[in-house]
Amino acid sequence: MPLVWAGKDCFDYGGTIKILSLKSVFTLITQHNLDHPAFFAHFYEMIDSNLLHSKHRNAFFQMAPLFLQSPLVPNYVVASCVKR
């Protein structure tokens, strides 16, 4: 349980910390069965026009296919991310 809250606190920061926390929490979800129901909501929130001007956009767009190809992601979430 503490891992979920630590991950949530990292999402509240910005920039590199937020992007690295996405990767770390995704690894915990897929490889160690951590339950973090708001992960894809945080991922979706990061997709906006500010991301295109961020110096961390390359790291985000390299991880995005990994997140969206996961069997844990419902199809409607993938569709909404692509549409956005």
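These numbers come from a predicted model, not from an experiment.

A. Representation of the overall build of the chain. When helices and strands are counted, the chain shows six helices and zero strands. For the chain, the sequential pattern of α-helices and β-strands runs α-α-α-α-α-α. Of all 84 residues assigned to the chain, the portion counted as buried reaches 33%. Considering only contacts in the chain between residues 6 or more positions apart, those separated by 24 or more positions represent 59%. Here the chain displays about 5700 Å² of accessible surface, and carbon together with sulfur accounts for 59% of that area.

B. Examining the nonpolar core more closely. Of all hydrophobic cores here, the largest spans 18 residues; its most connected members are Leu22, Phe39, Phe40, Phe43, Phe60 and Phe67. Every element with two or more residues in this core is listed here: helix H2 (15–32), helix H3 (39–46), helix H5 (57–68) and helix H6 (75–83). Here this core gets five residues from one element, more than from any other, and that element is H2. Beyond its immediate chain neighbours, meaning those up to four positions away, Phe40 contacts Phe26, Phe67, Val73 and Val77.

So, how was this worked out
- Residues numbered from 1 in each chain as written.
- Predicted model: local features only at pLDDT ≥ 70, side-chain atom pairs only at ≥ 80, totals over all residues.
- Heavy atoms only, no water.
- Helix = DSSP H or I, 4+ residues; strand = E, 2+ residues; numbered from the N terminus.
- Buried < 20%, exposed > 50% of the residue type's maximum accessible area, 1.4 Å probe, protein only.
- Contact = heavy atoms within 4.5 Å.
- Areas by Shrake-Rupley, 256 points an atom, 1.4 Å probe, with all protein chains shown as cover.
- Core = buried A, V, L, I, M, F, W, Y, C linked by side-chain atoms within 4.5 Å.

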